[in-house]
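# Residue-level structural notes
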Amino acid sequence: FPGGQGSYLEQLKGLTLEMLKGNIGFYISVFKEFFGSGSAWMYVYYALAVFFIIGACKQRRLDQHLLLFFALYLTAMIFWPARPGIRYVIPLLPIFAYYTFQGMDSVIGKLSEKYRLPGRRFVFVFWLTIIGIFLFNSGSGAYANLKNYQKTYGYFDPYSLEVYNYIREKTSSNSVIV
């Protein structure tokens, strides 16, 4: 490799037990970061995690492929020495939401008939609120990123255009650039 880095398997040589323990804690609690920061979101996440487990147990025979994907993907992230961050967990978010919803539905199904309809309404409003918060946090983060921090890089940024013009001016038309 040009930069001196090794293969993916060589990077695994740097994995230590401490890193593994840290990654387990990080990736088990990373889903709360999608909703917001603060201890309140931690408690919401813990409640959702309970419903996730209930839903996964309820659907384990019907959705084995989703559970297998979730487990293998999360295991790969846990065993990876570096923590690439929350964006690598995005593929698991719909599965997490699905099983959490299934768990909530299972619990509501166990309520008496009198409380089922209000329970379903509460879950509906809860998920609309969660989706709204998720969209707000994502949108405000993207806006702040674009407004304050994001620089334009690529083919048409000033540096790239300068390099392109230099190459065009200093090389003959039949030259091959690799």
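Calculation rules
Residues numbered from 1 in each chain as written. Predicted model: local features only at pLDDT ≥ 70, side-chain atom pairs only at ≥ 80, totals over all residues. Heavy atoms only, no water. Helix = DSSP H or I, 4+ residues; strand = E, 2+ residues; numbered from the N terminus. Rg over C-alpha atoms; globule rule 2.2 N^0.38 Å. Buried < 20%, exposed > 50% of the residue type's maximum accessible area, 1.4 Å probe, protein only. Contact = heavy atoms within 4.5 Å. Lys, Arg positive; Asp, Glu negative; His and termini not counted. Charge placed at Lys NZ, Arg CZ, Asp CG, Glu CD. Expected span 1.5 Å × (residues − 1). Axes fitted to C-alpha atoms, helices over the stretch in contact; angles between N-to-C directions. Parallel < 35°, antiparallel > 145°, perpendicular 65-115°, else oblique. Left-handed = near helix turned anticlockwise from the far one by under 90°. Core = buried A, V, L, I, M, F, W, Y, C linked by side-chain atoms within 4.5 Å. Salt bridge = Lys/Arg side-chain N within 4 Å of Asp/Glu carboxyl O. Phe/Tyr/Trp six-rings, centres within 6.5 Å; stacked < 30°, edge-to-face > 60°.

Our next topic: the overall build of the protein. The helix and strand tally for the protein stands at seven helices and zero strands. Starting at the N terminus and walking to the C terminus, you meet the elements of the protein as α-α-α-α-α-α-α. Scaling as 2.2 N^0.38, a compact globule of 178 residues should have a C-alpha radius of gyration of about 16 Å, whereas the protein reaches 23 Å, well beyond that. Along the longest, intermediate and shortest principal axes, the C-alpha atoms of the protein span 80 × 40 × 30 Å. Split into buried and exposed, the 178 residues of the protein put 24% on the buried side. Of all intrachain contacts in the protein linking residues separated by at least 6 positions in sequence, the fraction that spans at least 24 positions is 73%. Separation of charge centres in the protein, based on 17 positive and 9 negative side chains, amounts to 11 Å.

Turning next to helix α5 (residues 93-109). If you check α5, its first and last C-alpha atoms are 24 Å apart, about what 17 residues at 1.5 Å a residue would give, namely 24 Å. Those residues of α5 that sit buried are L93, I95, F96, Y99, T100, Q102, G103, M104, S106 and I108.

Right, let's talk about the packing of helix α2 (residues 17-29) against helix α4 (residues 64-79) for a bit. In the contact formed by α2 and α4, the axes pass within 8 Å of each other and the chain directions differ by 135°. Classified by the angle between their axes, α2 and α4 sit oblique to one another. Handedness of the α2/α4 crossing: right-handed. Note on element contacts: α4 touches α2 through L74, M77, I78 and F79, opposite L20, N23, I24 and Y27.

Y27, F31, F70 and F96 are the most contacted members of the largest nonpolar core, which totals 28 residues. Of all the elements in the fold, those that place two or more residues in this core are α2, α3 (39-58), α4, α5 and α6 (113-149). If we ignore the near neighbours within four places in the chain, the residues touching Y27 are L74, M77, I78, A82, R83, P84, G85 and V89.

Within this structure, the stated rule accounts for three salt bridges. A single network of salt bridges, built from pairs that share partners, joins K58, D105 and R120.

To continue, consider the packing of aromatic side chains. Per the counting criterion, the structure on display carries twelve aromatic pairs. Both rings, one in F31 and one in F70, keep their centres 6.2 Å apart while their planes meet at 15°; by these two values the pair is stacked. One end of the pair, F31, is in the loop between α2 and α3; the other, F70, is in helix α4, and 39 residues separate them in sequence. A single burial state applies to F31 and to F70, both of which are buried. Centroid distance F52 to F96: 5.2 Å. Interplanar angle 25°. Geometry classified as stacked. Separated by 44 residues along the polypeptide, F52 in helix α3 and F96 in helix α5 bring together distant segments of the chain. Taken as a pair, F52 and F96 share a single burial class, namely buried. Grouped by ring-pair contacts, the aromatic residues F31, Y45, Y46, F52, F70, F96, Y98 and Y99 constitute a single cluster.

Here the focus is the side chain of D63. By the element assignment, D63 lies in the loop between α3 and α4. For D63, which is buried and forms no salt bridge, the nearest opposite charge comes from K58, at a distance of 8.9 Å. Residue contacts for D63: discarding those within four places in its chain leaves Y98 and Y99.

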